[in-house]
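Next come the chains, spelled out residue by residue.
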Amino acid sequence: ELFSPSQKYQLLVYHADSLFHDKEYRNAVSKYTMALQQKKALSKTSKVRPSTGNAASTPQSQCLPSEIEVKYKMAECYTMLKQDKDAIAILDGIPSRQRTPKINMMLANLYKKAGQERSSVTSYKEVLRQCPLALDAILGLLSLSVKGAEVASMTINVIQSIPNLDWLSVWIKAYAFVHTGDNTRAINTICSLEKKSLLRDNVDLLGSLADLYFRAGDNKNSILKFEQAQMLDPYLIKGMDVYGYLLAREGRLEDVENLGCRLFNISDQHAEPWVVSGCHSFYSKRYSRALYLGAKAIQLNSNSVQVLLKGAALRNMGRVQEAIIHFREAIRLAPCRLDCYEGLIECYLASNSIREAMVMANNVYKTLGANAQTLTLLATVCLEDPVTQEKAKTLLDKALTQRPDYIKAVVKKAELLSREQKYEDGIALLRNALANQSDCVLHRILGDFLVAVNEYQEAMDQYSIALSLDPNDQKSLEGMQKMEKEESPTDATQEEDVDDMEGSGEEGDLEGSDSEAAQWADQEQWFGMQ
């Protein structure tokens, strides 16, 4: 009661700010609302008595917290509480002329998230009008299908007036290609930018380049660029989720585990470390844990990679319908990413919905263009129907003409040749694909084909190579064990007799139960942590 009305307003704002920093967002909103009511009452009082204490009140009124800043903080609280509608409502209440660039930027992002594209474009353009070098606003407009030329025209005056800024127009052109899904031209344009001395070894560009190689299916170059970016900035978090996903797919689980630990040491408030750990669990076949980690990542940032991880875990746990919902959401978040469509199509095929899979594959083919990846995806669906086998063969031939080293196309073509029992053709195809790369799946399939033509020794070599690349590859291990039994049936029989005498069969059961117990103990530990 000892404080003046203006001091009460200040104290309420300070209290709300403290609550905001302590992450008590609902309480902070309540205090900010009380502060705005106090400010309203203060304004009425000053209008009634404009001359009272005028000389003393002017300096005090000048240092009062801005009402617009208070509303911005309230909107921040609402976004943290996932109440985007309330955040939009509070910012919409600020007159257009009084909106600062950061208010317009927040509004643009909120409109975009809510699907109000026209309003989002207007807000991004307003940011650029006030700050022509706001790169996030440029990316926002390009992501909403605004033409690159139109965006560039909004920055042209600044580019001409400031020296050494000629790279910006090329940068806009590159990201215009990124958002239209033209990966090849985007890669070429960013590579040309990277060669310029001003942007050489630019971590942001290297991260974008790595992501583009990943989208184009060039995993080798993607990993290379992520490694370069990581060496330049050891604290880099952005894009590390995709890097971890690629390493996991290559069977480098120890590297994935180390990456996850390093990212957690940097920050556990970003989704990336949770995704990386989730990928490690997923490829270690610990799907319950992967599901939990994917859900945790989504809480921090609902991005396509996080949703994909959760969808993949649900699919492998047999919860296909739930997985379908997650893959559809991933497509909404990243319509240019092929792996989102691959996940959804795999779910359709798993539930025998071949018609839906075919419709989706055709849509992807039309939307993303006829490249090796989309051709292979369409061929994969065609292989499921005996009527469309020939079409699948044509599509795979086209894919391999474009990219002879594309592993998924080689695998599917080998599958087709195996059905037709054309083993010699399959061996030639696989040898050609392995001439410039080494892949566990290709070595294993080559081993299967060599067994079919009685080339046992070389088949054994191929299985060994496959297991050296991925020691957890069960199919290579099964192929090797099966071949050993077929090579020496007499020895195998003798071994079985000895096993029966020693009771090793019971030991095997005990070992299996131990591993199961360990697995359940591990899951209990994780659910206990929740």
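Residue positions are given per chain, counted from 1 along the sequence in the order it is written. Selection of residues for local features in this predicted model requires a pLDDT of at least 70, selection of side-chain atom pairs for listing and counting requires 80 or more, and totals for whole chains, interfaces and linings are taken over all residues. Working from all heavy atoms in the structure, the side-chain values ignore hydrogens and water.

- Per an unreviewed UniProt entry, the chain carries the name Anaphase-promoting complex subunit 7 and comes from Fulmarus glacialis.

1. Quick look at the side chain of Ser 6
At step 1: Only DSSP runs of H or I covering at least 4 residues are called helices, and only runs of E covering at least 2 are called strands; the numbering of each starts at the N terminus. Residue placement: Ser 6 occurs in helix α1 (residues 5-21).
At step 2: Using a 1.4 Å probe on the protein chains alone, a residue whose accessible area is under 20% of its type maximum counts as buried, one over 50% counts as exposed, and one in between counts as partly exposed. Here Ser 6 falls in the buried class, since its relative accessible area comes to 8%.
At step 3: Polar contact is defined as a pair of N or O atoms within 3.5 Å, subject to the rule that within protein one atom must be able to donate a hydrogen and the other to accept it, and that residues adjacent in sequence are counted only when both atoms are side-chain atoms. A polar atom in the side chain of Ser 6 sits 3.2 Å from the side chain of Ser 4.

2. Description of the pattern of salt bridges
At step 1: Take a side-chain nitrogen of Lys or Arg and a carboxyl oxygen of Asp or Glu: if they are within 4 Å of each other, that pair is a salt bridge. Per the stated rule, a full pass over the model turns up 23 salt bridges.
At step 2: Among the salt bridges present, the one from Arg 252 reaches Asp 255, with a minimum N-O distance of 2.9 Å.
At step 3: Its salt-bridge partner being Asp 405, residue Arg 403 comes within 3.8 Å of it at the nearest N-O pair.
At step 4: The exposure class of Arg 403 is partly exposed, given its relative accessible area of 21%.
At step 5: A single network of salt bridges, built from pairs that share partners, joins Glu 227, Arg 252 and Asp 255.

3. Some details on the UniProt feature "repeat: TPR" (unreviewed entry) in the chain
At step 1: UniProt positions are given in the numbering used here, feature names are shortened, and annotations may be inferred rather than shown by experiment. Feature annotation in UniProt places "repeat: TPR" (unreviewed entry) on residues 304-337 and 440-473, given in this structure's numbering.
At step 2: The straight-line gap between the two end C-alpha atoms of residues 440-473 is 8 Å; of that span, 79% is helix and 0% is strand.

4. Looking at the packing of aromatic side chains
The way to describe two aromatic rings as a pair is by their centre distance and the angle between their planes.
At step 1: Note on ring pairs: Phe, Tyr and Trp rings are taken, using the six-membered ring of Trp, and paired if centres are within 6.5 Å. Classes follow the plane angle, with under 30 degrees stacked, over 60 edge-to-face and the rest tilted. Applying the stated criterion across every chain yields a total of eight aromatic pairs.
At step 2: Ring centres 5.6 Å apart and planes at 70° place the aromatic pair Phe 20 and Tyr 25 in the edge-to-face group.
At step 3: Note on Phe 20: relative accessible area 14%, which makes it buried.
At step 4: On the numbers, 5.7 Å between centres and 40° between planes, the contact of Phe 226 with Tyr 243 is tilted. Pair noted here: Phe 226 is in helix α14 (residues 219-232) and Tyr 243 is in helix α15 (residues 240-249), with a separation of 17 residues, a long-range link. Here Phe 226 matches Tyr 243 in class, with each residue buried.
At step 5: Members of the aromatic cluster, connected to one another through ring pairs, are Phe 282, Tyr 283 and Tyr 287.
At step 6: Put simply, a charge is over a ring when the Lys NZ or the Arg CZ is close to the ring centre, within 6 Å, and near the line of the ring normal, within 35 degrees. Residue placement shows Lys 102 over the ring face of Tyr 72; its charged tip is 4.4 Å from the ring centre.
At step 7: Here the guanidinium or amino end of Lys 296 rests over the ring plane of Trp 274, the centre of that ring lying 5.3 Å away.

5. A short note on the packing of α15 against helix α17 (residues 271-283)
At step 1: In the contact formed by α15 and α17, the axes pass within 8 Å of each other and the chain directions differ by 10°. Compared by their axis directions, α15 and α17 come out roughly parallel. Where α15 crosses over α17, the handedness of that crossing is right-handed. Here Met 240, Asp 241, Gly 244, Tyr 245, Ala 248 and Arg 249 of α15 lie close against α17, whose contacting residues are Glu 272, Val 275, Val 276, Cys 279 and Tyr 283.
At step 2: Looking at the contact of α15 with α17 residue by residue, the class counts come to seven nonpolar, one polar and three charged. Helix axes are fitted only over the stretch in contact, all axes being lines through C-alpha atoms; the angle between N-to-C directions runs from 0 to 180 degrees. For classification purposes, an angle smaller than 35 degrees is called roughly parallel, one larger than 145 roughly antiparallel, one from 65 to 115 roughly perpendicular, and anything else oblique. A clockwise turn of the near helix away from the far one marks a right-handed crossing, whereas an anticlockwise turn of less than a right angle marks a left-handed crossing. Here a residue-residue contact requires only that any non-hydrogen atoms of the pair lie within 4.5 Å. Residue classes follow a fixed rule: Ala, Val, Leu, Ile, Met, Phe, Trp, Tyr, Cys and Pro count as nonpolar, while Asp, Glu, Lys and Arg count as charged, and any other residue, Gly among them, counts as polar.

6. Side note on helix α27 (residues 440-452)
At step 1: An expected span of 1.5 Å times one less than the residue number is assigned to each helix. For α27, built from 13 residues, the straight-helix expectation of 18 Å at 1.5 Å per residue is met to within 8% by its first-to-last C-alpha distance of 19 Å.
At step 2: Taken residue by residue, α27 has Cys 440, Leu 442, His 443, Arg 444, Ile 445, Leu 446, Gly 447, Phe 449 and Leu 450 as its buried positions.
At step 3: The N-capping residue of α27, defined by a side-chain oxygen 3.1 Å from the backbone nitrogen of Val 441, is Asp 439.
At step 4: Asn 454, located one to two residues past α27, shows a positive phi value of around 65°.

7. Focus on the side chain of His 280
At step 1: Among the structural elements, His 280 can be located in helix α17.
At step 2: Look at His 280 and you get buried, because its relative accessible area is 15%.
At step 3: Beyond its immediate sequence surroundings of up to four residues, His 280 is in contact with Leu 253, Val 256 and Glu 257.

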